[in-house]
Each structure stands twice: as C-alpha cells, then as structure tokens.
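Coordinate inspection notes
What follows is the residue order along each chain.
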Amino acid sequence: MTVIEDELTRLANRRSFLLSLQRHVLLVNERKVNLGLLVIDVDSFAMINNAHGFAFGDRLLQHLAQQLRKVARSHDAVGRIGDNRFGLVLTGLMNGGHAELAVHKLQRLLDTPFEHGNAKVKISVSVGIALCPQHASQSDHLLRRAERSLATARATGQKYMFPTDGVDDALSDLWDIEIELDSANALGELAMHYQPKVSMHDLRPVGAEALMRWRSSTRGNVSPDVFIPVAEKTGQIKKLTAWAINTALRHASEWVHPWETLSVAVNVPAEMVVQYDLPDLIENALSLWGRPQVGLVLEITERSLIGDPKQSFRILSQIREMGVKISIDDFGTGYSCLAYFKNIPADELKIDKSFIASLIEDSASAEITSLIIDLAHRFNLTVVAEGVEDELTFDALRSRGCDVAQGFLFSKALSSTDFGQWLKQRGKRGQESGVRVP
Ligand code: C2E
Ligand code: CA
Ligand code: CA
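Definitions and limits used
- Position numbers for residues start from 1 in each chain and track the written sequence from start to end.
- Each chain is given a letter, starting from A, and each ligand a number, starting from 1, according to the order in which they appear as written.
- Local features in a predicted model are, by the rule used here, given only for residues with pLDDT of at least 70; side-chain atom pairs are given and counted only at 80 or more, and totals for whole chains, interfaces and linings are based on all residues.
- Where side-chain values are given, they derive from all heavy atoms of the structure, hydrogens and water being excluded.
- Helix and strand assignments come from DSSP, with helices taken as H or I runs of at least 4 residues and strands as E runs of at least 2, each series counted from the N terminus.
- The buried label applies to any residue whose accessible area, calculated with a 1.4 Å probe on protein chains only, is under 20% of its type's maximum; exposed applies above 50%, and partly exposed to all values in between.
- Contacts are assigned to residue pairs with any non-hydrogen atoms lying within 4.5 Å of each other.
- Computed with the Shrake-Rupley method and a 1.4 Å probe, the accessible areas treat only the protein chains shown as cover for residues.
- By the counting scheme adopted, Arg and Lys are positive, Glu and Asp are negative, and His together with the chain ends is not counted.
- The atom standing in for a charge is NZ when the residue is Lys, CZ when it is Arg, CG when it is Asp and CD when it is Glu.
- Think of the donor list as every N, O and S atom within 2.8 Å of the metal, or within 3.2 Å for Na, K and Ca; water never makes the list, so a site can look incomplete.
- Working definition of a nonpolar core: buried Ala, Val, Leu, Ile, Met, Phe, Trp, Tyr and Cys residues. They are joined through side-chain atoms within 4.5 Å.
- Summary of the distance rule: residues count as near a molecule or strand when at least one heavy atom falls within 4 Å of that molecule or strand.
- Nitrogen and oxygen atoms within 3.5 Å of one another constitute a polar contact, given that in protein one can donate a hydrogen and the other can accept it, and given that sequence-neighbouring residues count only through two side-chain atoms.
- Gly is put with the polar residues, along with every residue not named as nonpolar or charged; the nonpolar set is Ala, Val, Leu, Ile, Met, Phe, Trp, Tyr, Cys and Pro, and the charged set is Asp, Glu, Lys and Arg.
- Note on pairing: DSSP must find at least two bridges between two strands before they are called paired.
- To estimate how far a helix should extend, the number of its residues minus one is multiplied by 1.5 Å.
- The directions considered for the arc run from the helix axis to the C-beta atoms.
- When a carboxyl oxygen of Asp or Glu is within 4 Å of a side-chain nitrogen of Lys or Arg, the pair counts as a salt bridge.
- Axis lines are fitted to C-alpha atoms, over the contacting stretch for helices. Their N-to-C directions set the angle, which ranges from 0 to 180 degrees.
- For classification purposes, an angle smaller than 35 degrees is called roughly parallel, one larger than 145 roughly antiparallel, one from 65 to 115 roughly perpendicular, and anything else oblique.
- Crossing handedness is read from the near helix: turned anticlockwise from the far helix by less than a right angle, it gives a left-handed crossing, and turned clockwise, a right-handed one.

Attention now goes to the overall build of the protein chain. Of regular secondary structure, the protein chain possesses 16 helices and 16 strands. Taken along the three principal axes of its C-alpha coordinates, the protein chain extends 70 × 50 × 45 Å. Scored against the burial criterion, the 438 residues of the protein chain give a buried share of 50%. The contacts in the protein chain between residues at least 6 apart in sequence include a share of 69% that link residues at least 24 apart. As displayed, the protein chain offers around 20500 Å² of accessible surface, 51% of which is attributable to carbon and sulfur atoms. Charge-centre separation for the protein chain: the mean point of 48 positive side chains lies 1 Å from the mean point of 54 negative side chains.

What follows covers the coordination of the calcium ion (ligand 3). Taken together, the protein ligands of the calcium ion (ligand 3) are Asp329 (OD), Asp330 (OD), Glu386 (OE) and Glu386 (OE), with distances of 2.2 to 2.7 Å. All donor residues of the calcium ion (ligand 3) come from one chain, and their arrangement in sequence is D-D-x55-E. Between the calcium ion (ligand 3) and the calcium ion (ligand 2), a spacing of 3.9 Å is present, and a bridge between the two is formed by Asp329. With Asp329 in strand β13 (residues 325-331) and Glu386 in strand β15 (residues 382-386), this pair connects stretches of sequence that are 57 residues apart. Overall, the relative accessible area of 7% leaves Glu386 in the buried class.

Nonpolar side chains in soluble globular proteins generally cluster together in the buried interior. The biggest cluster of nonpolar side chains holds 79 residues, and the ones touching the most others in it are Tyr194, Trp255, Val264 and Leu296. It is helix α8 (residues 237-254) that contributes the most residues to this core, seven residues altogether. In terms of nonpolar packing, the next biggest core, distinct from the first, is built from 34 residues, Ile48, Ala72, Leu88 and Ala99 among them.

With that out of the way, let us pick up the site of ligand 1. Surrounding ligand 1, one finds 21 residues, the nearest of these being Gln195, Met212, Arg213, Glu389 and Phe408. Take Gln195: an N or O atom from its side chain is 2.9 Å from a nitrogen atom of ligand 1. At 3.3 Å, a side-chain N or O of Asp330 approaches an oxygen atom of ligand 1. Alone, ligand 1 offers 800 Å² of accessible surface; in the complex the protein occludes 83% of this. Those elements that place two or more of their residues in the shell around ligand 1 are β8 (190-199), β9 (205-216), α7 (224-234) and β13. Of all the elements, β9 adds the most residues to the shell around ligand 1, at four residues. A class-by-class count of the residues in the shell around ligand 1 yields nine nonpolar, four polar and eight charged.

So, on to the coordination of the calcium ion (ligand 2). Taken together, the protein ligands of the calcium ion (ligand 2) are Glu209 (OE), Asn267 (OD1), Glu299 (OE) and Asp329 (OD), with distances of 2.2 to 2.4 Å. Sequence positions of the donors to the calcium ion (ligand 2) reduce to the motif E-x57-N-x31-E-x29-D.

Now for the pairing of β8. Taken across its ten residues, β8 has eight buried, putting it largely inside the fold. Here β8 runs beside β9; their pairing, made up of nine bridges, is antiparallel. Residue pairing across strands places Met192 opposite Met212, the latter belonging to β9. Here β8 folds back onto β9 in antiparallel fashion, the turn holding five residues, of which Leu203 has a positive phi close to 65°. Bridge analysis of β8 against strand β16 (residues 404-406) gives two bridges, and the strand direction is antiparallel. What sits directly across from Val198, in β16, is Ala405.

Looking at the secondary structure, you find Trp259 in the loop between α8 and β11 (262-267). Its relative accessible area of 18% is what places Trp259 among the buried residues. Sequence-wise, Trp259 and Leu409 are 150 residues apart; in three dimensions their C-alpha atoms are separated by 21 Å. What Trp259 contacts, discounting residues up to four positions off in sequence, is Arg204, Pro205, Leu423, Arg426 and Gly427.

What follows concerns the side chain of Thr241. By the element assignment, Thr241 lies in helix α8. Contact partners of Thr241, with chain neighbours within four places excluded, come to Asn267, Val268, Pro269 and Met272.

Let us now look at helix α10 (residues 278-289). Taking 1.5 Å as the rise per residue, α10 with twelve residues should run 16 Å; its terminal C-alpha atoms sit 16 Å apart, in good agreement. Listed in full, the buried residues belonging to α10 are Leu278, Pro279, Leu281, Ile282 and Ala285. Along the axis of α10, the buried residues cluster in a sector spanning 160°; they form a single face. Turned more than 90 degrees off the buried face of α10, the exposed positions are Asn284, Ser287 and Leu288.

Here we take up the pattern of salt bridges. Here the structure, examined in full by the defined rule, presents 17 salt bridges. Its salt-bridge partner being Asp41, residue Arg154 comes within 3.6 Å of it at the nearest N-O pair. Remark: Asp41 occurs in strand β1 (residues 34-42) and Arg154 occurs in helix α5 (residues 139-156); sequence separation between them is 113 residues. Through salt bridges with shared partners, one network takes in Asp41, Asp43, Arg85, Glu147, Arg154 and Lys159.

In this section: the packing of α10 against helix α12 (residues 309-320). Where α10 contacts α12, the two axes come as close as 9 Å, and the packing angle between them is 15°. Taken together, the axes of α10 and α12 are roughly parallel relative to one another. Both α10 and α12 take part in a crossing whose hand is right-handed. In this structure, α10 uses Leu278, Pro279 and Ile282 to contact α12, whose residues at the interface are Ile315, Gln318 and Ile319. Residue composition of the contact of α10 with α12, grouped by class: five nonpolar, one polar and no charged.

Structure (structure tokens):
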C-alpha cells in the first residue's frame, strides 16, 4: 500500500494512517493478537505558535515526528492525524503496559528541550491510549476511545490515559515482567535459538541468527518483542547481550557440519554499540569460546549509527579488526541515510522482513528491495533477506541478486541441538546432487 505523506512531517497523513489502522485491526481480529492505539497531542501548541511564530511551530512538529519514528518499531504505523495531533499504532502488544512503555520512551526523548533559532521549549504531550480488542474491535471505535482517553487525560491533568471503563487487567503486568526477567536467566528460563541463513547462490547454510527465547514458568513463552524492550529500558539488556554472545559462540563451537566455516549472528541493541566496553566484551567472549570455524556477526540497527556516528564507527571498526562481521539489521525501516554508506563499517545488510513479506504483491516493496540490493553490492556488502516464507519470494529475491535468505521457508529458530540436527540433514541432502532444497 502506498503511504500518502503529510508534507510537513513526512509521516502518513490522516487518511493514510486511518487506512493502515483499519488494516492492522483486521489482522488483529484474524490472528487473535493485540494492538494499541496512541493519540498524541502537543500541549499548548497555540501558545507556542503565538510566542515563537509558525515557522518555529512547524519545526517543532517535524522534530516531534522524528521522535515518534524512534518510538515506532518496524511494523508499527505512525501518522499525523490533525494539526498538532499524531497517531501511533503499536502492533504485537501483550498488554497495556507495553503501550505505557512507548509513552515513557517518547517522554524520555522529549526530555531534551527543542531548540530552533533563538527559541527553546520543552515539548510536552498528552496521550490517549486504547487497546484492541480490549477496548474496541473496530478501527473507528478504537480511534474514538483513544481520543476520549486523551480528552480525559487533558481534563484531569494526566500525561496519558487508558479508557476508564473496561480497563485491561494486565495493565500492571509489565512491571511484573521487569521483575521476573531479572531472575529468568538464573532460573534457566532463557535460551538461545538459531535460525538458519542460507546462501541463495548454492543453497548452502552460511550460518544462523541467534534469537533469544524466554520460557517463563508463570506466563509461558514471552515474545522477545515484548521482553527485549523491557530489558533495554531497565538496562538489563547489557547482561543479557553478554550472555547471548557467549552462549551463541559456545553453541556454535559444538555444531558438527561438513562446511569450512559457519557464522553465528547475535543482535546487539543500539545503546550498546556506542559503549566503549563492547569491544572488551567481544574480546573476552572470543577468547573463551572463539573457534576458527566459527565466524561471529553482530546484528545492529541503523539507529546504532545515527546518534553518535563518529563514536559508533570507531567502536565498530575496532570490533571488525578482531575479525567480527557487522550486519545492519532491519534495513529500510529507519533513517537509511545514504551519506554514511561511504565509510560504513559493515559487511552485511539485512533487508527488513516487511519488504520481503509484500515483495510479490507490492511493486513498491519490490522496487525498494532491488534498490537496496544494488546499493549494498555497490559498497561490497552482502545482502540478506529475512522473513522469506515461500519459494516464490525466494526466487524473486534470487533473480534480483540477493545473496542470503533467512526465514520460515528453511526453518524457524531451533534449539542448538535441533539446529545441529538440521545442519546434519542439510549436509546429507547437499551431497545428493541436483536436489532443489528449501
Ligand atoms: P529481528 O532481529 O529482526 O529477528 C528476526 C525475527 O523475525 C525473529 O523474531 C524471527 O523469528 C522472525 N522471523 C524469521 N523468519 C521469519 C519469517 O519467515 N516470517 C516471519 N513473519 N518472521 C520471521 P523473534 O525471534 O520473535 O525476535 C523478534 C525481535 O526481538 C528480533 O527481531 C530482535 O530485534 C529481538 N531479539 C530477539 N533475540 C534477541 C537478542 O538475543 N538480543 C536482542 N538485543 N534482541 C533480540
Ligand atoms: Ca536481527
Ligand atoms: Ca531484522
């Protein structure tokens, strides 16, 4: 679907945003998952315009739009739905606390005052929240409930509000997640699973992405989309990432296979990329578990390169000198600033699965995918497509020159033992000539 942009902020405009909300709500009802809608209003916007002029007001809206983009994850939708009103659709929600987290994140981003020309203001926003299906299962009702929550928040001087009737019981759940996550590792509830990455040229496995799994004794499987943001917010992510890198290297050293080398890729959050002790952490892990037949890859997002590019480039270059490869994850969803490509300290680029999912039916996604592949190759980067679910998509990517595929077409993420088995079978099949494997 083409997104019609609001000229000022380059976010989806009201009509386009409402269409995408409608689409998300349909999916939620079909898949029996949850969704959150946030309606965000700038406080005292008329006063700001009066005091500092309309040009300043426009810049402020652009700045706020940028901060909202940072809060939105790849599958979320964000749009400008009124003069100084924005909408944010949060997908894959477990509970209301998840929506609260997004509000907190936005408020943290807005802690730094906005400055333009000689004027400086601290942007304050009010937020109305409604959850689907808890508060409404149709998009227009959902929007109305979120707008009503916003009005109540305004009237009662709260920063954000949920609908006051029919509030989801799980609201306080997130705080429990925070506490439980703290002991999850000690309890052995966390595990690393591995999803194969396969060469599109000869169908040979080139490695795996390590993905964290939390099997909680009290709440069952918790999605990393829920607990990773909590861990990032609380700072627990640092300990978890160190554990993930060590565990992934240890597991990879145990895999038996006929290929010379395989890589294992670990996700590293943006906050850690600019920290000076990341190289030490990697060096320690490599000295403990590093093996010549195992290549370590760090998957980082573009966000890691934007905040303080000088610092992140320096740290990443230092890490690459240790023979570790850097992969840019979820490419295409963030800023995709072409300027940094010139000296990018990276080896691989992963096209976000949102483009891959719609590659066949959406010509814009197909165009973007082709562009990304060409761009990456021009700068000697290997291109990985993630979320490859069917052969049609696989073939379309291969014909566009994509190098590596990852997705349910080959396998979901497997325990280390199961991944070992998968490699074994793959090795056997590879020896039978002419076999067309996925
Ligand atoms: P990601 O890094 O983009 O990881 C890829 C996600 O796509 C994984 O979800 C994977 O299971 C899913 N996926 C793979 N193939 C397909 C496919 O064919 N179709 C579809 N629809 N999905 C596919 P998962 O494991 O739920 O992880 C979600 C996100 O959580 C990851 O996105 C990553 O951002 C984060 N995450 C997971 N493990 C870790 C970790 O150890 N550390 C950090 N910092 N983040 C992690
Ligand atoms: Ca990843
Ligand atoms: Ca990704």
